Amino acid sequence: QVQLVESGGGLVQAGGSLRLSCAASGRTFSSYAMYWLRQAPGKEREFVATISWTGRSTFYADSVKGRFTISRDNGKNTVILQMNSLKPEDTAVYYCAAYRNYRTDGYTQPFDYWGQGTQVTVSS
């Protein structure tokens, strides 16, 4: 069993940065690839980024490539999404999720575990 808790969301001006954290409980964190997804009001859930079990491999949506960085620390059971050069279209609820497979096809569901989400709002 893994529980995921996101933090770090907030309100930022366009061009600014935010750092999202996802803290995981449980002893099997390193057994899961980790994902960040987002959902804006009235829109479908969107893949943002994923990182493999060891952290050696990462994959990003084209919309965030070069601006966002995903990382993980298996010793601290934490996954981070560093978001730079934020745009108003990045406004959404951001979720972290755990899945036993590492997929680089924009995977959006299903996942083994989900967090509750954290709101990111980027003003123009």
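Description of the structure in this document. For clarity, every value in this text was computed on a predicted model and none was experimentally measured.

Structural notes on the overall build of the chain
Step number 1: Summing up its helical and strand segments, the chain has zero helices and eleven strands in all.
Step number 2: For the chain, the succession of helices and strands along the chain, N to C, is β-β-β-β-β-β-β-β-β-β-β.
Step number 3: On C-alpha atoms alone, the chain measures out to a radius of gyration of 13 Å, which is about the 14 Å that the 2.2 N^0.38 rule sets for 124 residues.
Step number 4: The buried share of the chain, reckoned over its 124 residues, is 44%.
Step number 5: Across the chain, every contact between residues at least 6 apart in sequence was considered, and the portion connecting residues at least 24 apart equals 60%.
Step number 6: Only carbon and sulfur atoms are counted for the fraction: they give 45% of the accessible area of the chain, which is about 6,400 Å².
Step number 7: Here the chain carries 13 positive and 9 negative side-chain charges, and the mean point of each set is 6 Å from the other.

Remarks on the sheet that holds strand β7 (residues 68–73)
Step number 1: Taken in spatial order, the four strands line up as β1-β3-β8-β7 in an open sheet, and their pairing is antiparallel. Of all strands in the sheet, those bounded by a partner on one side alone are β1 (4–7) and β7. In this sheet, adjacent strand axes meet at a mean angle of 15° when their direction is disregarded.
Step number 2: Inspection of the sheet shows β1 paired to strand β3 (residues 18–24) by four bridges, in the antiparallel sense. Note on β3: the bridge partner recorded for Ser-7 is Ser-21.

Section: the nonpolar core
Step number 1: Membership of the largest hydrophobic core comes to 39 residues, with the highest contact counts inside it found for Leu-4, Met-34, Tyr-35, Trp-36, Leu-81, Met-83 and Tyr-94.
Step number 2: Of all elements in the fold, only β3, β4 (33–39), β5 (46–51), β7, β8 (78–83), β9 (92–99) and β11 (118–123) reach the threshold of two or more residues within this core.
Step number 3: Per-element tally for this core: the top contributor is β9, with six residues.

A word on the packing of aromatic side chains
Step number 1: Tallied over the full model, the rule gives twelve aromatic pairs.
Step number 2: Ring centres 6.1 Å apart and planes at 55° place the aromatic pair Tyr-35 and Tyr-107 in the tilted group. In this pair, Tyr-35 is assigned in strand β4 and Tyr-107 in the loop between β9 and β10 (113–114), connecting sequence segments 72 residues apart. Side by side, Tyr-35 and Tyr-107 carry an identical accessibility label, which is buried.
Step number 3: Put simply, the rings of Tyr-35, Phe-47, Phe-59, Tyr-95, Tyr-99, Tyr-107, Phe-111 and Trp-114 touch in pairs and so form one group of aromatic residues.

How each quantity is defined
- Residues numbered from 1 in each chain as written.
- Predicted model: local features only at pLDDT ≥ 70, side-chain atom pairs only at ≥ 80, totals over all residues.
- Heavy atoms only, no water.
- Helix = DSSP H or I, 4+ residues; strand = E, 2+ residues; numbered from the N terminus.
- Rg over C-alpha atoms; globule rule 2.2 N^0.38 Å.
- Buried < 20%, exposed > 50% of the residue type's maximum accessible area, 1.4 Å probe, protein only.
- Contact = heavy atoms within 4.5 Å.
- Areas by Shrake-Rupley, 256 points an atom, 1.4 Å probe, with all protein chains shown as cover.
- Lys, Arg positive; Asp, Glu negative; His and termini not counted.
- Charge placed at Lys NZ, Arg CZ, Asp CG, Glu CD.
- Pairing = 2+ DSSP bridges.
- Axes fitted to C-alpha atoms, helices over the stretch in contact; angles between N-to-C directions.
- Core = buried A, V, L, I, M, F, W, Y, C linked by side-chain atoms within 4.5 Å.
- Phe/Tyr/Trp six-rings, centres within 6.5 Å; stacked < 30°, edge-to-face > 60°.

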